[in-house]
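If you want the building blocks of each chain, they are given just below.
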Amino acid sequence: MAIRGTNKQSGRNLSDIRLINRSVIFRTVREAGTISRSDLARQTGLNPATITHITRELLNQGLIIEAGPGKSRGGRRTALLQINAQHAYIIAVRLSRHNIQSILTDLNLENVIRRMITSSSLTHPADISIPAMFDLIESMILESGLDRNKILGIGICAPGPLDAHKGILYEPPNFPGWPRTPIREIFETKLGFPTFLDNDANAAALAEKLFGCAKDLENYVYILIEDGVGGGVMINGDIYRGEFDVAGEIGHMTIEINGPQCDCGNYGCLELYISPDSVEDRVRQAILNGRSSLVEDLVQGDLDKISFDLIVQAALESDAVAVDAIQIFTDALTVGIVNVINSFDPEAVLLGGKIGVAKELIYEQLKQQTFQRLMPRGEKGASIHFSELNSDAPIIGAFSLVLQELFQNPAFHANLDMSY
Ligand SMILES: [Zn+2]
């Protein structure tokens, strides 16, 4: 029996290579902020003639501009290049359990229009929420006063399962109002902008690479701890998707063989111990069982108002119920991180989402426990970081899905040639 798999590589025509070089140069200019042509040549490994030719094209197209003279080299001042951030704009949308968030922004995330609605979400049926997303987007475009042809595209992130390549969302568990939904096709048909879809943890992992704490990392695992627990696995600078687009489901690794049943059908999944909802439930249950807690005072007796933030606040004040709940959370997270490091051997594990508020409380203990449990290795080892982007990582990630196309997809560059 043949085992499926292919390592076939397709060839490259000269025109493809020109577009790849354009993407590389554009990405290098953005990462540098400002850069001279000679530094561009050094950093990209391209020869000066190619740099001159391609930067002229990008300048003519308006994607980059000259930012003024740089430091004098041997008596001659060199012009610095930077991207022209207001030349094009991107729309990003995050679809989640509780709300829909959206931003419209320039390429540097500097001029940002932001919207959020709670009247539509994954909890509401698709035939209500999708038109609400259209209205949200149209209202942002109207407010911005932008010409529609300045908008490069729309990036959307949502919980999986989904097919990022085809742009299809497949019936997220517990959301019966969302049958198989071809998001890309629906948005492109209605709004006319190129549309990209990915799951929220993958998008957040990409955001950390472009804007957050993973700028210098190539191999890392991002764990998004929000309503659920997701993971984005970055290998050699690219998201690892797996054969069936469901890699990185870190929330559903078993950490307790005989643990309670999870929505996914399995038992003892990590998500049941570290999602903010699970920590809140644990504290609520302890109070209902008669333990007294500062958390009860903080919510003035209304146990529905218990939040992860308040539990962290109470734990920082040494409230026993809160401390116990955070300890279970920290122990389970430790096991999850150890399993991730043993599986992928990353440079770093990044923690993001709602748990940023717990950094001060758990960081040292988390690192210590993790390295006690890790398989012995050489002198080097993965580091653990809290996200710098916190809960904004997924929406910035949705924005990054479109930006990434500018850097990585020569065909997208080719389209730009036609639209400007
Ligand atoms: Zn599960």
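What comes next is a walk through the structure. Computed from a prediction, not measured in an experiment: that's the story for all the values here. (Residues numbered from 1 in each chain as written. Predicted model: local features only at pLDDT ≥ 70, side-chain atom pairs only at ≥ 80, totals over all residues. Heavy atoms only, no water.)

This part takes up the overall build of the protein chain. Scanning the protein chain from terminus to terminus reveals 14 helices and 15 strands. Compactness check: the protein chain gives a C-alpha radius of gyration of 24 Å against a globular reference of 22 Å for 420 residues, within 12% of the reference. When the backbone C-alpha atoms are referred to their principal axes, the protein chain occupies close to 75 × 60 × 55 Å. Burial analysis of the protein chain (420 residues in total) assigns 50% to the buried set. Restricting to contacts in the protein chain with at least 6 residues of sequence separation, those with at least 24 account for 62%. As displayed, the protein chain has an accessible area near 20200 Å², and 49% of this comes from carbon and sulfur atoms. Taking the 37 positively charged and 51 negatively charged side chains of the protein chain as two groups, their mean positions are separated by 10 Å. (Helix = DSSP H or I, 4+ residues; strand = E, 2+ residues; numbered from the N terminus. Rg over C-alpha atoms; globule rule 2.2 N^0.38 Å. Buried < 20%, exposed > 50% of the residue type's maximum accessible area, 1.4 Å probe, protein only. Contact = heavy atoms within 4.5 Å. Areas by Shrake-Rupley, 256 points an atom, 1.4 Å probe, with all protein chains shown as cover. Lys, Arg positive; Asp, Glu negative; His and termini not counted. Charge placed at Lys NZ, Arg CZ, Asp CG, Glu CD.)

Relative to the helices and strands, P48 is located in helix α3 (residues 48–61). Judged by relative accessible area, which is 57%, P48 ranks as exposed.

Around a metal, the perfect tetrahedron of four donors has angles of 109.5 degrees, and the perfect octahedron of six donors has angles of 90 or 180 degrees. Only H252 (ND1), C262 (SG), C264 (SG) and C269 (SG) from the protein coordinate the zinc ion, and they sit 2.0 to 2.4 Å from it. Geometry at the zinc ion is tetrahedral, judged from its four donor atoms and the angles of 105 to 121° they form at the metal. Counting residues between consecutive donors of the zinc ion along the chain gives the motif H-x9-C-x1-C-x4-C. Both residues of the pair, C262 and C269, belong to the buried class. (Donors = N, O, S within 2.8 Å, 3.2 Å for Na, K, Ca; no water. Tetrahedral: all angles 85-135°; square planar, octahedral: opposite > 155°, others 65-115°.)

With the rule as written, the count across this model stands at 17 salt bridges. Taking the shortest distance from any N to any O, the salt bridge between R37 and E66 comes out at 2.9 Å. Linking R37 in helix α2 (residues 37–44) with E66 in strand β2 (residues 64–73), this pair joins segments that are 29 residues apart in sequence. Overall, E66 belongs to the partly exposed group, its relative accessible area being 45%. Between R291 and D324 there is a salt bridge, with its nearest N and O atoms 3.0 Å apart. Of this pair, R291 sits in the loop between α8 (276–288) and α9 (294–298) while D324 is found in helix α11 (residues 320–344), placing the two residues 33 residues apart along the sequence. R291 sits in the partly exposed class, given a relative accessible area of 37%. (Salt bridge = Lys/Arg side-chain N within 4 Å of Asp/Glu carboxyl O.)

In this section: the nonpolar core. If you look at the biggest cluster of nonpolar residues, it comprises 51 residues, and the most contacted ones within it are I25, F26, L107, Y220 and L403. When residues in this core are grouped by element, the largest group, ten residues, is from helix α13 (residues 393–408). Discounting residues that sit within four places of it in the chain, L107 has contacts with F26, I83, N84, A85, A88, I90, L152, F399, L403 and L406. Counting residues in each nonpolar core, the second largest holds 46 residues, with F329, I337, I384 and F386 among its members. (Core = buried A, V, L, I, M, F, W, Y, C linked by side-chain atoms within 4.5 Å.)

What follows covers the layout of surface pockets. One number sums up the size of the largest pocket: a volume of about 790 Å³. Looking at the largest pocket, it is lined by 35 residues, and the ones nearest its centre are R97, G228, V229, H252 and E271. Mapped onto the lining of the largest pocket, the elements with two or more residues apiece are α6 (200–211), β12 (229–235), α7 (271–274) and α8. The greatest single-element share of the lining of the largest pocket, amounting to four residues, is contributed by α8. Residues of the lining of the largest pocket, tallied by class, amount to 13 nonpolar, eleven polar and eleven charged. The calculated volume of the second largest pocket comes to roughly 500 Å³. In terms of lining residues, the second largest pocket is bounded by 17 residues, among which D198, R241, Q404, E405 and Q408 are the most central. (1 Å grid on protein atoms, 1.4 Å probe; cavity = no way out; pocket = protein on both sides within 12 Å on 5 of 7 lines; lining within 4 Å. Points joined across faces, edges and corners; volume = space filled by probe spheres on them. Nonpolar A, V, L, I, M, F, W, Y, C, P; charged D, E, K, R; others polar.)

What follows covers the sheet that holds strand β4 (residues 89–95). Strands pair in a sheet through their backbones, by hydrogen bonds, and they do so in one of two ways: parallel or antiparallel. Reading across from one edge, β6-β5-β4-β7-β10 is the order of the five strands in this open sheet, with mixed pairing throughout. Because the sheet does not close on itself, it has two edges, and the strands there are β6 (112–117) and β10 (195–199). On average, each strand axis in the sheet is tilted by 15° relative to the strand beside it, whichever way the strands run. Where strand β7 (residues 151–158) and β10 come together, five bridges link them in parallel fashion. Among the inter-strand pairings, I154 is bridged to a residue of β10, identified as T195. Docked against the sheet, helix α4 (residues 126–144) engages β4, β5 (100–106), β6 and β7, running at close to 30° with respect to β5. Across the sheet, α6 lies against β4, β7 and β10, angled at about 100° from β10, the strand it touches most. (Pairing = 2+ DSSP bridges. Axes fitted to C-alpha atoms, helices over the stretch in contact; angles between N-to-C directions.)

Treat this as a map of the structure, not an account of what it does.
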